[in-house]
Amino acid sequence: MKLNGRNVSYGWLAVLAALTAVSALGLSTDVSEDLYDLPGDHIWANVAWMITATIFVLMMTPGLSFFYGGMVRKKNVISTMLQSFIVMGFVSVVWVVFGFGLAFGDDICHVIGDPTDFFMMRNVGVANVTDPSSEQSQIGLVTTTIPLALFALFQMKFAIITPSLITGAFAERVHFAGYLLFMMLWTVVVYCPLAHCTWHPEGLFGMLHVHDYAGGIVVHAASGIAALTGAIYLGKRRDAGNSNKPANVPFVLLGAALLWLGWFGFNGGSSLAADGIAISAFLNTNTAAATAMVAWITLDAVRGRKPSGMGAAIGAVVGLVAITPCAGWVTAGESIFIAFFITVCCNLAVSWKSYSRMLDDALDVFPTHGLGGIIGTLLTGIFAYDFFARGGDLAISRGEFFLNHVIVMAGVFVYTFAMSWALYWLTDKIIPMRVSKWNERLGLDFTQHDEEYDNAVAMELPSESDWIRSTEEN
């Protein structure tokens, strides 16, 4: 069979049809009443699980380094990987000094926390949060059975990976020092307020009954929108073209595997306990990733392309993004539908040729992470209602619940885009965000870090003076 002039196997069409049917069937599954409550005292189990989950989430950042690093050209592998890796140092320090207070300190106008509450981790200890005699219980931070220090560490890993996701949009053309400044400013000005609005008990979004289980708004939508802003602001790469090939596809597969594994801590740990919600999130996370991987390579095959390692890796990550906003609150059947629907949307967005003509989002951050987080949040407004209505204390209707998610997501888009643009502009005035034409031509590995992933890249290039002369003549 031919589609758009290309041969398409009937087998792949059958897989796509079967996946569509299974995803629709998943909508008919019901929530088990005893799924989220486990008997007994699990305080120490909670502590052990959350330590493990925190380690898993941190592992996602070097995983992202491999995922992004394998996609760019050989002359920019080290630079791209370092942009993710270096965040573990800078954001950790910012978080310990005042970032945790901004996100989870005493509420100020329902949009930001008091940075002095936990300055240099003051009042952040290992006493149990539920202990009435502990200082943490008097702050009214969150209702958990884990130490506040462990909660702060777990949330730190989310703050680390979020700005790392942005880097894929402006890969191969950003000045490293400018990126570091932007990343720290963005964490303070954009990430911390969104985390407070979403996850603090007195945050604005929670007051509007808008819920984000593990970062559909705070992590993926925010980073995707900032990536879109950066791609527009910084402009296209000067020497980018259709001939650009990924430097190392095995790196991409390795990165996707590390992300998949780490996401079990990302979503499973977001219940903040070793309970049924964590188990549900664990199940839905794997189900969504598997569904999206199959859907992505199937959609590629239906278009006449061969199933590829890149496609499988990207598809799995899209599925992980898709389920993040509601992982602990939906059934496995619903997770199949959510992953499949969002994968189709993201695949079409990546394949939309006009998108690449308009701007140079080098690693398709917005069509995958951004769009996946946005649609996932909107679907949370549809599928998570039953979970929150189970107790009978949800004071709004299903329609209002969904509408509030739409309104908040629109507000997040406007705020994140505007503030990201302002921060790009401010950073550019202090440290130029883009490297020179010659540095971009030579590659960021050598010009920004004096390191080389492939020595042959630099050896093949002419001198700067010869290159400028030839450019002027042409």
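Residues numbered from 1 in each chain as written. Predicted model: local features only at pLDDT ≥ 70, side-chain atom pairs only at ≥ 80, totals over all residues. Heavy atoms only, no water.

Asker: How should I be thinking about the nonpolar core in this particular structure?
Answerer: If you look at the biggest cluster of nonpolar residues, it comprises 125 residues, and the most contacted ones within it are F67, W95, F100, W186, Y191, F266 and I338. Broken down by element, the residue count for this core peaks at 13 residues, all from helix α7 (residues 176–199). Among the nonpolar cores identified, the runner-up in size contains six residues, and L16, L19, A295 and V302 belong to it. (Core = buried A, V, L, I, M, F, W, Y, C linked by side-chain atoms within 4.5 Å. Buried < 20%, exposed > 50% of the residue type's maximum accessible area, 1.4 Å probe, protein only. Helix = DSSP H or I, 4+ residues; strand = E, 2+ residues; numbered from the N terminus.)

Asker: Whenever I open this one, the packing of helix α3 (residues 77–85) against helix α4 (residues 87–104) confuses me. Can you help?
Answerer: Helix-helix packing is characterised by the crossing angle of the two axes and by the distance between the axes. The N-to-C vectors of α3 and α4 enclose an angle of 20 degrees; their axes lie 5 Å apart at closest approach. Taken as axis vectors, α3 and α4 run roughly parallel relative to one another. Taking contact as the criterion, the partners of Q83, S84 and F85 in α3 are, on α4, V87, M88 and G89. Split into classes, the residues belonging to the contact of α3 with α4 amount to three nonpolar, three polar and no charged. (Axes fitted to C-alpha atoms, helices over the stretch in contact; angles between N-to-C directions. Parallel < 35°, antiparallel > 145°, perpendicular 65-115°, else oblique. Contact = heavy atoms within 4.5 Å. Nonpolar A, V, L, I, M, F, W, Y, C, P; charged D, E, K, R; others polar.)

Asker: Explain the pattern of salt bridges to me, please; I cannot follow it from the model alone.
Answerer: Should their charged atoms come close, side chains of opposite charge can pair. Across all of its chains, the model carries nine salt bridges by this definition. R173 is the salt-bridge partner of D360, the closest N and O atoms lying 3.8 Å from each other. Highlighted residues: D360 in the loop between α14 (353–358) and α15 (365–383) and R173 in the loop between α6 (148–166) and α7, separated in sequence by 187 residues. Here the salt bridges share partners, and the residues they tie into one network are R73, E172, R173, R237 and D360. (Salt bridge = Lys/Arg side-chain N within 4 Å of Asp/Glu carboxyl O.)

Asker: Got a minute to help me understand the environment of A384 in this structure?
Answerer: Position of A384 among the secondary structure elements: in the loop between α15 and α16 (385–389). Taking the C-alpha atoms as reference, A384 lies 9.4 Å from F402; in sequence the two are 18 residues apart. Excluding its chain neighbours within four sequence positions, the residues that come into contact with A384 are W329, L379 and F401.

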